[in-house]
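These are the residues of each chain, in order.
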Amino acid sequence: MISKALMAASTKPIILSILLEGEDYGYNIIQRVKEASGGSLDWSDGMLYPVLQRMEKEGLINSKWIISDEGRHRKYYTITDKGLKELESEMIQWRSVYEALTRLCSPLPAAD
Amino acid sequence: MFDLEKAIRDWRKNLRRIESFEDGYIAELESHLQDEIDRLIRVGLSDEEAFKKAVAIVGTAESIGLEYYKTNVRPLAGLPSWKASRFSLALLRNYVKTAVRKARYQKAYSFINVAGLAVGMTCCLLLLLWIQDELSYDRFHVNAGRIYRAEHAMLREGKDFRVASTSAPLAPALIAEFPEIEKAVRIGDNGFWVVYRNSRFMERIFFADPDVFDVFSFPLIKGNPKSALQDPNSLVISEEMSLKYFDKEDPIGKTLTLKEWKDFKVTGVFKNIPRNSHFRFDFLAPFSTYAGRNLNRWGIYNYYTYVLTGKGFEPKSFDAKQAVFVQKYQGNMIQRGINFRYVLQPLTRIHLYSHIHNELESNGDIGRIMIFSAVALFILLIACFNYINFATASYAARTREVGIRKVIGANKKQIIGQFLGESLLISLLAMISADLLAALLLPAFNTLSAKSMTMNALFEARMIAGMIALMLLTGLLAGSYPAAFLSSVRSAAALHGPGLPRLKASALRNSLVIAQFAISIGFIIATLIIASQMNYIRNTNLGLDKEHVIVIPLRDENVLKQIEALKNELSGNTAVVRASASSFFPGKHTWNQNYWREGMSENEYPMIRWMAVDHDFLRTLDIQLVAGRDFSRNYPSDTGGSYILNETAVKETGLESPIGKQFKIIEKGTVIGVIKDFHFDSFHQKIEPLALYIYPSGFEYLSVRIRPGRTAQVLGFLKQKWDDFAPDRIFEYSFLDEDIDELYKADIRLNKIFTSAAGASILVASLGLFGLAALTARRRTKEIGIRKVLGASIAGITIQLSKEFLAMVLLANLIAWPLAYYAMEKWLQGFAYRTTVGMGTFVLSALVAALIAFLTVSYQSIKTALANPVESLRYE
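Residues numbered from 1 in each chain as written. Chains lettered and ligands numbered in written order. Predicted model: local features only at pLDDT ≥ 70, side-chain atom pairs only at ≥ 80, totals over all residues.

## So, the overall build of chain B
So, point 1. Scanning chain B from N- to C-terminus turns up 31 helices and 23 strands.
So, point 2. Expressed as a percentage of the 876 residues in chain B, the buried residues total 36%. (Helix = DSSP H or I, 4+ residues; strand = E, 2+ residues; numbered from the N terminus. Buried ≥ 20, exposed ≤ 12 C-beta atoms within 10 Å, placed from the backbone.)

Okay, here's the thing in structure tokens:
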């Protein structure tokens, strides 16, 4: 399981990475996170939308309403330029954290 | 059938509770939920299962809201705004601080609030004490709920004539015939001289069957309750009497002599009978010893019968069976055509509800409790109105505070809580003051209510519970409107600036002031009318001269035997004008008996009241003769053979030119005179037909007319003569005018209550008016400044400011008049002779109220009018 703090910190870059591959809507984003993490990143559904809303307010993503084939209203999100920059800086940060950790603690402790 | 659409719709509706969710946000969540549902249905779940599971995954309004809140809001109180706030200690401190600060800034209003509520609460507290005392009567008996008093009732001239006493054979007969009656105890009482060594006192001795200790809970301190009254000469006494006669010695086995009867041996000591018992006694001896020959006489109704019934007894079942019972034991009654029956009166009802003939002691009155309650509640209401009025009138000062609290995040509930808390705080302060006041006023209240309650009663558990209830009631009554009012202030409007929105509370405020004054005026009118009736009673000619007459009860055989000799001795003193022995005593002291007059058939026996008198009766009491002559010693036949009637009797008996006509009550005789009607009973009763008859064995009182200004000297003389004639009996006396006043004890008490109530209510209402006037004056300072600058006179401004309040007081009069008139007419209907309610009373009460209101208001008005306009307009 991923700790609460780490989850909170990683939400933003993960959403941005997913949106890097193209526009998507909330329900699907959750499904893809679940898939990508093999289930260890289990976001609660209610938690995603406030985060999306805040990111939109910060100008990292845009949204639009699209009517799906079944006639359902869906809100699709796309990444903005500002979002791209943000993702870049996030990735640098994550990478440096990751590298520092591996250097300090290698070989990695066996997972039990 | 599960309706998915509807379920989703409901879920969405629920989301709307959370104010931060915008429509788009909700739509997005809904589409998410539907996706989830679609997926689950694809997996193979039913609509309902899919919906339930999806909601579990996506979340309810509550959990989604919480997530939203966590991400978006940095909370102050740590809770989202839609959740009811937790009780916060930090806020409580702030509330108290605000309340205290407000109280300090507005000392006068706080004082008026606390003082007003305290006065109202004091009235309620005293009333509670009184009610508790009244309701507690006879409940200390373990079997209280199963004890009944057997009474008898007869239908007489269409009226139910109920008597508390019964005859001695009733008790054993009841036990024999009614299995549901477990025990029956007879009680009788009489006065005796009790002699022990050198001490000798007149005492009221009670007699009871030995079962008395099983039926009632009169615990014995010494002696065995099973055997204490078995011996015919046994006597059980109270703790108090044990001390009185034997001091610290052990009373058991000692002999007390009931003078001119027999010796009794003390076999037990019981705890003093509690005050809240409908009968109390100090001596108890065996009933059979006392009743003697009357034990088997059905016709002597001198005793009281109390029965202990089995559990689950229904008095109705007794009523159903008693016809057979009466037929069996008192068939002669039925033969004579008398509608006779027994009534079982529950013990616990006797004190408050029983007012029948031959009560052992005079009882309380439920009606009086009602009047007291209404009065106390009215005063409390007036005080609560004050609180409401100040709170709404000074709302301007508080709206900003409410606005700021709301902006910071307080919700309506918290604001309501804060203001209710404030009113509860005030009501707590008032309660504490009321306790002190009540303790202070208790002695005065005791005289007013004829009780002897002690301070301890204030600290009984039930009383404390009552106080807390009263405090909460007052706090809520006074605080709920202001709380609702202030909590509904819109923060934007409140914080907008100096131009506060006008709230429409003044209509309510005015109606409350009108109600306060209407109540006060009602009390004033009641007081005036009662006083006027009392005046009427005092000043109306009674038909006899009640001043300077001393009344001596003749409860002594020796004196009765030598009554003429005593009268002669008395007339030797120049300070004594005349003396007369008779059965006359103001109140219900006449006998009611059948009479016959000339021209009536022998079997016609209407009733007439009569008194036993002597030759000097009319002259001693200054009763006027209108026809015929007075009794005279010159006519030997006057003793036993002559009657004097009053005018009403002449009218009712139908005797035309009555003098010389044959008449009979005791012996056949002639009517020798007619007297002017005089009031021998209270003004509540119409003067009834009355006959006077010379009948020495009926003498009960000696009326002595004395010369004014020599009372003390005459009393000494009377006592000395009395002791000569009756060395064994204490000299007792009273004054006729005071005895007559005694008849109006209840009315006088009512007068006092209403005077106090009128005082208290006017005090509280005026306090309120004073505060309101101050608030109004303050609100209009600028307006008045401008008026003055433009040339308004001080008088003009004073009138301007007072006029509004005076108008309210006048309106209050219009409300109070008809109500008070109606209520007081009802009260006056209880008098056969009554004053007329004139317009003057109403006008006077209006003037009094208006004057008080004007004085209260004008202080503020004049102060404002005198203020220098420069002061008030400087900052504009």
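## A look at the overall build of chain A
So, point 1. Helix and strand counts for chain A stand at 4 helices and 3 strands.
So, point 2. Across chain A, helices and strands are ordered from the amino to the carboxyl terminus as α-β-α-α-β-β-α.
So, point 3. Taken over 112 residues, chain A has a buried fraction of 24%.
So, point 4. Partitioning the contacts of chain A with sequence separation of at least 6, the portion at a separation of at least 24 is 48%. (Contact = placed C-beta atoms within 7 Å.)

## Some words on the interface of chain A and chain B
Interfaces are often sized by the accessible area lost when the parts come together.
So, point 1. Each side of the interface is counted separately: chain A has 15 residues, and chain B has 18 residues.
So, point 2. Considering only residue class, the side of chain A that touches chain B consists of 5 nonpolar, 5 polar and 5 charged. (Nonpolar A, V, L, I, M, F, W, Y, C, P; charged D, E, K, R; others polar.)

## Comments concerning the pairing of strand E7 (residues 255–258) of chain B
Residues and elements named next belong to chain B.
So, point 1. Sheet analysis places strand E3 (residues 181–196) next to E7, joined by 2 bridges and oriented antiparallel. Residue pairing for E7: Val195 is matched across the bridge by Thr257.
So, point 2. Relative to strand E8 (residues 262–270), E7 is paired through 4 bridges, and the arrangement is antiparallel. Counted as the bridge partner of Leu256 is Phe264 from E8.
So, point 3. Remark: 3 residues form the turn of the hairpin made by E7 and E8, two consecutive strands paired antiparallel; Glu260 in that turn has positive phi of roughly 60°. (Pairing = 2+ DSSP bridges.)

## Notes on the environment of Leu220(B)
Residue and element names in this part refer to chain B.
So, point 1. Mapping Leu220 onto the fold places it in strand E5 (residues 220–222).
So, point 2. Sequence separation of Leu220 and Val269 is 49 residues, and the distance between their C-alpha atoms is 5.6 Å.
So, point 3. Every residue in contact with Leu220, bar those within four places of it in the chain, is listed here: Phe213, Pro225, Ala228, Gly268, Val269 and Phe270.

## Describing the nonpolar core
As a rule of thumb, nonpolar side chains are buried together in soluble globular proteins.
All names here are of chain B.
So, point 1. Formed by 98 residues in total, the largest nonpolar core has its most connected members in Met121, Ile379, Phe517 and Ile525.
So, point 2. If you list the elements that add at least two residues to this core, you get helix H6 (107–135), helix H14 (366–393), helix H16 (412–449), helix H17 (461–487), helix H19 (506–539), helix H27 (745–779), helix H29 (794–828) and helix H30 (839–866).
So, point 3. Within the second largest apolar cluster, 51 residues are counted, among which are Ile147, Ala184, Leu256 and Phe281. (Core = buried A, V, L, I, M, F, W, Y, C linked by C-beta atoms within 7 Å.)

## Re the sheet that holds strand E23 (residues 734–735) of chain B
Residue and element names in this part refer to chain B.
So, point 1. The 4 strands lie next to each other as E13-E22-E12-E23, forming an open sheet whose pairing is antiparallel. The two strands at the open ends of the sheet, each matched to only one other strand, are strand E13 (576–582) and E23.
So, point 2. With respect to the sheet, helix H21 (residues 563–571) is in contact with E13 and strand E22 (701–706), its orientation differing from that of E13 by roughly 165°. (Axes fitted to C-alpha atoms, helices over the stretch in contact; angles between N-to-C directions.)

## Some points on helix H1 (residues 4–20) of chain A
All names here are of chain A.
So, point 1. Here H1 contains 17 residues, and its C-alpha end-to-end distance of 25 Å stays within 8% of the 24 Å for a straight helix at 1.5 Å per residue.
So, point 2. Its maximal kink placed at Ser10, H1 deviates by approximately 40°, while the proline Pro13 follows within four residues.
So, point 3. Next to the buried residues of H1 lie strand E1 (24–25), helix H2 (26–37), helix H3 (45–57), strand E2 (61–67), strand E3 (73–79) and helix H4 (81–104). (Expected span 1.5 Å × (residues − 1). Bend = angle between axes of the 7 residues up to and from the residue.)

## Digging into the sheet that holds E3(A)
All names here are of chain A.
So, point 1. With respect to topology, 3 strands assemble into an open sheet ordered E1-E3-E2, the strand pairing being antiparallel. Each edge of the open sheet is held by one strand with a lone partner, namely E1 and E2.
So, point 2. Note: E2 against E3, 7 bridges, orientation antiparallel. From the neighbouring strand, Trp65 faces E3, where its bridge partner is Lys75.

## Things to note about unusual backbone geometry
Residue and element names in this part refer to chain B.
So, point 1. At Asp247, a residue that is not glycine, the phi angle is positive and equals roughly 50°.
So, point 2. Relative to the helices and strands, Asp247 resides in the loop between helix H9 (239–246) and E7.
So, point 3. Overall, Asp247 belongs to the exposed group, with 8 C-beta atoms counted inside 10 Å.
So, point 4. The phi torsion at Asp622 lies on the positive side, around 55°, for a residue other than glycine.
So, point 5. Considering the arrangement of structural elements, one finds Asp622 in the loop between helix H22 (617–621) and strand E17 (625–628).

## Here we look at the confidence of the model for chain B
So, point 1. Mean pLDDT over chain B stands at 85; residues scoring 70 or higher make up 96%.
So, point 2. Scored by ipTM, the complex comes to 0.78, with pTM at 0.68. (pLDDT = per-residue confidence, 0-100.)

## A word on the environment of Ser520(B)
All names here are of chain B.
So, point 1. Relative to the helices and strands, Ser520 is located in helix H19.
So, point 2. In this structure the C-alpha to C-alpha distance between Ser520 and Gly759, which are 239 residues apart in sequence, comes to 8.3 Å.
So, point 3. If near-sequence neighbours (up to four positions away) are discounted, Ser520 is found in contact with Ala758, Ser761, Ile762, Ala765 and Ala849.

## Regarding the pairing of strand E4 (residues 199–208) of chain B
All names here are of chain B.
So, point 1. Across 10 bridges, E3 lies against E4 in antiparallel orientation. Following the sheet pairing, Ile187 is matched in E4 by Ala208.
So, point 2. Taking the residues between adjacent antiparallel strands as the criterion, E3 and E4 are bridged by 2 residues, where Arg197 takes a positive phi near 50°.
So, point 3. Looking at chain direction, E4 and strand E9 (residues 283–286) are connected through 4 bridges and run parallel. Bridge assignment links Phe206 to a residue of E9, and that residue is Leu284.

## What to know about the confidence of the model for chain A
So, point 1. Confidence in the prediction for chain A averages 85 pLDDT; 93% of positions are at 70 or higher.
So, point 2. Confidence scores differ between elements of chain A, with H3(A) showing the lowest mean pLDDT of 85 and H4(A) the highest of 91.

## Brief notes about the packing of H19(B) against H27(B)
Residues and elements named next belong to chain B.
So, point 1. The contact between H19 and H27 brings their axes to 8 Å, and the two run at 150°. Looking at the two axes, H19 sits roughly antiparallel to H27. Relative to H27, H19 is oriented so that their crossing is left-handed.
So, point 2. Residues that form the contact of H19 with H27 fall into these classes: 18 nonpolar, 7 polar and 1 charged. (Parallel < 35°, antiparallel > 145°, perpendicular 65-115°, else oblique. Left-handed = near helix turned anticlockwise from the far one by under 90°.)

## Some points on the environment of Glu21(A)
All names here are of chain A.
So, point 1. Considering the arrangement of structural elements, one finds Glu21 in the loop between H1 and E1.
So, point 2. Given 9 C-beta atoms within a 10 Å radius, Glu21 is considered exposed.
So, point 3. Residues Glu21 and Ile79, 58 residues apart in the sequence, show an inter-C-alpha distance of 9.3 Å.

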